[in-house]
Amino acid sequence: MSEPVTMLESVATTTRTRKGVWRKWLCIALILFVVLAVGTELFARYYLGLGDPPLCMADPEMVYLFKPNQTCHRFGNLIHYNAYSMRSDDFPAHKSLPNEIRVMVIGDSVINGGALTDQSKVCTSILQKSLTSKLRRPVVIGHISAGGWGPLNQWPFVKKYGLFDADVVVLVFSSHDASSSSLRPTAGIDPNFPDHKPWCATWEAVMRYLPRYFHTLGSAASNEGYREGTADPKMTQQHMVAVKSMINAAKEIGAKPVVMLHWTQNELHKAESETGWRPKGHRDIEAAANEAGASVVDLYSYDEEAKSTPGAYRDDIHLNAPGQEIYSRAMEVNCLRLFPEMAQ
C-alpha cells in the first residue's frame, strides 16, 4: 500500500521542482528585462540626450511657435527660449538703458541651429557677445525663428509681439522663402514638433528617431520642397507682401532693416557651374526688399566659406556650429558697415 503513495509523492516533488526552476528563470528574465530597460533609458537620456525636447505650441496665425520660458538639454546642448518664444537670453520688452543697442534677427531653421547646436554657438549668441565687446555698450539680440517658418509665419509674430525697440532688424531668407511657409497644423501632430515631453527617452528614440532610418527626411534636410520654377505666383505674391510688411514695421519704429539671402549647397554648386545664375527666390525677395527700402546682403561668399569649412553645413541647407560662427560674422560686419552710428 505504501508504493503508490511514494510514486505520487515523487511526481509532486518533480512538479514542484519544475515550477521552482520556471519561477527561477522567470525571475532572472524579469530582472534582466528591468536592467535592460533601465540601462536603455539611461543610455538614451544621458548619452544620446533624448527625453527633453524643446516644445512647440499651436497659434492661429503663426501656426506654431516654441513655447515660452523653457530650458532644455538635448544631445548635450543647452536650448533656451525666453518669454517671447525667442532662442535668446531673457530681456525686457523695452530698452532699459539709453545707450542700449538692440538687433532682432528673424529666420527659420537655418539660423535657429536646432537641438544639434548649443545655445552659446548659435549665430545670434555669438553676435551678442562680440558686439557687446566691440561696442562697449549693452547689446540685446532677439532671435526669432522656428524650423520650417517662412514669411507667413514670421510676419504674424511681428504683428503680435512687435520688434522690441530694435535698432536693426535682420531678415534671413533662403530661396524657398519666396513661396513656402509652414501653414499646416504641426504642434503636437508632427513628431518633430512635440507639444509635451515624451514619457521616457526610449519611447522618443523609437517613435521619433527610429523611423528616420527607414524614411527619407522631408523638409528638415532639404530646401523645404522648393524647386526652381514650381512656385505658385499667388503664393509668391503673398510672401512678398509679408516680407515688405516686416520691413515696413521695422522702418516705422526707426529700425534699419537688412535682408540676408542664404544659399544651399546645391545652389552654390549650380552657381559655380552656370555663370551668373541666381535662385529665382532670391531675385524675388531682393526685388521686394529693394522696393520696401531695405538693405540686401547676398550671403554667397559666406556660404562659399561655409561650404569649404569642414562640418559647417549639416546637410544641404542647415548650418552646424562652424557655419553659425560664419553667419555671426556676416551679421556683425554688415551691422557695423551699414550702421556706423552703432559704434559711436
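Definitions and cut-offs
- Residues numbered from 1 in each chain as written.
- Predicted model: local features only at pLDDT ≥ 70, side-chain atom pairs only at ≥ 80, totals over all residues.
- Heavy atoms only, no water.
- Helix = DSSP H or I, 4+ residues; strand = E, 2+ residues; numbered from the N terminus.
- Contact = heavy atoms within 4.5 Å.
- Pairing = 2+ DSSP bridges.
- Axes fitted to C-alpha atoms, helices over the stretch in contact; angles between N-to-C directions.

K.L.:
What is the right way to read the side chain of Gln324 from this model?
P.N.:
As for its placement among the helices and strands, Gln324 is situated in helix H10 (residues 321-338). Those residues within four positions of Gln324 in sequence are excluded, and the remaining contacts are Val110, Ile111, Gly113, Thr117, Lys121, Val122, Cys123, Ile126 and Leu319.

K.L.:
Looking at this model, I keep getting lost on unusual backbone geometry. Mind explaining?
P.N.:
The phi torsion of most residues other than glycine is negative, and most of the peptide bonds are trans. Located in the positive-phi region is Asn69, a residue other than glycine, with phi close to 55°. In this fold, Asn69 is placed in the loop between strand S2 (63-66) and strand S3 (70-74). A positive phi angle is found at Phe164, which is not glycine, with a value near 55°. Assignment of secondary structure puts Phe164 in the loop between helix H4 (151-161) and strand S7 (168-174).

K.L.:
Which parts of the structure should I look at to understand the environment of Gly49?
P.N.:
Among the structural elements, Gly49 can be located in the loop between helix H1 (2-47) and strand S1 (56-59). Not counting the four nearest positions on each side in its chain, Gly49 is found in contact with Ala44, His73, Arg74 and Phe75.

K.L.:
Any chance you could explain the sheet that holds strand S6 (residues 139-145) here in plain terms?
P.N.:
Within a sheet, adjacent strands bond to each other through the backbone by hydrogen bonds, running parallel or antiparallel. The sheet built from 5 strands is open, its strands ordered S6-S5-S7-S8-S9 with parallel pairing. The outermost strands of the open sheet, each flanked by one partner alone, are S6 and strand S9 (295-298). Along the sheet, successive strands turn relative to each other by an average axial angle of 20°, direction set aside. Direction of pairing for strand S5 (residues 101-107) relative to S7: parallel, over a ladder of 4 bridges. The partner of Met104 across the bridge, within S7, is Val169. Its contacts with the sheet place helix H3 (residues 123-135) against S5 and S6, and it is angled at close to 165° to S6.

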